[in-house]
Amino acid sequence: MLLGGGGFIGTALATRLQREKTPVISVGRNNTEMMAHMLPKCSTVVHLASSTTPGSSANHPHLELDNLSLTLRLLEMLQRQPQTHLIYFSSGGTVYGNPAQLPVAEDCQLAPLSYHGVGKVAQENFCRALRAQGQPITILRPSNAYGPGQTVRQGFGLIRTMLEHARLGTTLEIWGDGENVRDYVYIDDIVEAVTCLIRRPQDSGTYNLSSGFGYSVNQVISAIERTCATSVKTIYRQARRVDVHSVILDHGRLTSLLNWEPRVGLFEGVNQTWQWLSATSPCITMASDS
């Protein structure tokens, strides 16, 4: 079962599993009745559902209750299925806060700056409590996902958002000076890692899922401008307190377990995403500065 399977990662993962003839059930985050009905038929649940971002819940911490409530309902159901493997998608970009050392490994202190990150840590802790009772639960902390198939959604997907602004000639808002560093991981690399973990039904580890390289917002803009052969209009706003300054994830633990390595670097990934976007979107005349 893919919980929240209609999103970017879920859609790509479902496509891969179906290609391999693996039965897939995709359930929306709001369809808990279907989740309860279909769960007994599933040997693995990949929990991808989340309705918030660090920005969206920054002034409304109660919004994180929906995410927590959904995870607790799922864990309660899983208590009746002790052999079902849960793969929970946390957030590598928020749970560590501003780590003292980069790249950051999984055993580093969790110190989120945003309510979104706090919510992810809380859900991890509930998962660990059930894991301590013998349930096989894998916790994944992915960095920033991007690639073909990603839709524009406010607060999600910096690279996809930048490409949209490049395509339309509209202005990109940047919070801070653009020197914030993030780790970006291509969708195919995410899908490969998760597929490998699905084949390990007794796994109960916690893993960073990342490229292992960091790029500032300004560096990503330069990569997009080079790929698109156009400038990206930008306006810099005051930095937000909920935004982490720099985070790069160490994926060595996952590499050791699966012999997995990210294959697509940033510049190749941006180019492939741009080619997909150009092929699937109508041509639009760039807006003038006037």
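Please read these numbers as outputs of a predicted model, since none were measured by experiment.

### Considerations on helix H5 (residues 158–168)
So, point 1. Of all 11 residues making up H5, 9 are buried, and the element is well covered by its neighbours.
So, point 2. Regarding H5, the residues found buried are Ile159, Arg160, Thr161, Met162, Leu163, Glu164, His165, Ala166 and Arg167.
So, point 3. Buried residues along H5 sit in contact with strand S6 (144–146), strand S7 (171–175), strand S8 (181–186), helix H7 (217–228) and helix H9 (266–280).
So, point 4. Of the residues one or two after H5, Gly169 is the one with positive phi, at around 75 degrees.

### Side note on the packing of aromatic side chains
So, point 1. Under the definition given, this model contains 2 aromatic pairs.
So, point 2. With 5.5 Å between their ring centres and 70 degrees between their planes, Tyr146 and Tyr186 make a pair best called edge-to-face. Of this pair, Tyr146 sits in strand S6 while Tyr186 is found in strand S8, placing the two residues 40 residues apart along the sequence. Each member of the pair, Tyr146 as well as Tyr186, carries the same accessibility label: buried.
So, point 3. Geometrically, the ring pair formed by Tyr215 and Phe267 is edge-to-face, given 6.2 Å between the ring centres and 90 degrees between the ring planes. Note that Tyr215 is positioned in strand S10 (residues 214–216) and Phe267 in helix H9, a separation of 52 residues in sequence.

### Focus on the side chain of Asp203
So, point 1. Its place among the elements puts Asp203 in the loop between helix H6 (187–198) and strand S9 (206–209).
So, point 2. No salt bridge is formed by the buried Asp203; the nearest opposite charge belongs to Arg200, separated by 4.3 Å.
So, point 3. Here the side chain of Asp203 touches Tyr207 through a polar contact of 2.6 Å, side chain to side chain.
So, point 4. In this structure, Asp203 is in contact with His85, Pro136, Ile137, Thr138, Leu197 and Leu257, ignoring residues within four places of it in sequence.

### A word on the sheet that holds S6
In any sheet, the strands associate via hydrogen bonds between backbone groups, in a parallel or an antiparallel arrangement.
So, point 1. What the 3 strands build is an open sheet, ordered S6-S8-S10; its pairing is mixed. What marks the edges here is a single partner per strand, and that holds for S6 and S10. The mean inter-strand angle of the sheet, taken between neighbouring strand axes irrespective of direction, is 50 degrees.
So, point 2. As paired elements, S6 and S8 share 3 bridges and run parallel to each other. From the neighbouring strand, Asn144 faces S8, where its bridge partner is Tyr184.
So, point 3. Helix-sheet contacts for H6 involve S6 and S8, and the interaxial angle to S8 is about 70 degrees.

### Section: the side chain of Thr44
So, point 1. Relative to the elements of secondary structure, Thr44 occurs in strand S3 (residues 44–47).
So, point 2. Overall, Thr44 belongs to the buried group, its relative accessible area being 11%.
So, point 3. Contact partners of Thr44, with chain neighbours within four places excluded, come to Met1, Thr84, His85, Ile87 and Ile198.

### Describing unusual backbone geometry
So, point 1. Omega for the bond connecting Leu102 with Pro103 falls within 30 degrees of zero, at -5 degrees, which places this linkage in the cis form.
So, point 2. When you line up the elements, Pro103 lands in the loop between strand S4 (85–89) and helix H4 (115–132).
So, point 3. With a phi close to 55 degrees, Ala229 is a non-glycine residue in the positive phi region.
So, point 4. Mapping Ala229 onto the fold places it in the loop between H7 and strand S11 (233–237).
So, point 5. A relative accessible area of 70% places Ala229 in the exposed class.
So, point 6. Look at Asn259: it is not a glycine, yet its phi comes out positive at around 55 degrees.
So, point 7. Note that Asn259 resides in the loop between helix H8 (252–258) and H9.

### Digging into the state of the cysteines
So, point 1. Using the criterion set out here, one finds 0 disulfides in the structure.
So, point 2. Unpaired in terms of disulfides, Cys42 finds its nearest cysteine sulfur in Cys127, a separation of 17 Å.

What counts as what
- Residues numbered from 1 in each chain as written.
- Predicted model: local features only at pLDDT ≥ 70, side-chain atom pairs only at ≥ 80, totals over all residues.
- Heavy atoms only, no water.
- Buried < 20%, exposed > 50% of the residue type's maximum accessible area, 1.4 Å probe, protein only.
- Helix = DSSP H or I, 4+ residues; strand = E, 2+ residues; numbered from the N terminus.
- Contact = heavy atoms within 4.5 Å.
- Phe/Tyr/Trp six-rings, centres within 6.5 Å; stacked < 30°, edge-to-face > 60°.
- Lys, Arg positive; Asp, Glu negative; His and termini not counted.
- Salt bridge = Lys/Arg side-chain N within 4 Å of Asp/Glu carboxyl O.
- Polar contact = N/O pair within 3.5 Å; in protein donor to acceptor, adjacent residues only side chain to side chain.
- Pairing = 2+ DSSP bridges.
- Axes fitted to C-alpha atoms, helices over the stretch in contact; angles between N-to-C directions.
- Disulfide = S-S within 2.5 Å.

In short, shape yes, function no, at least from these values alone.
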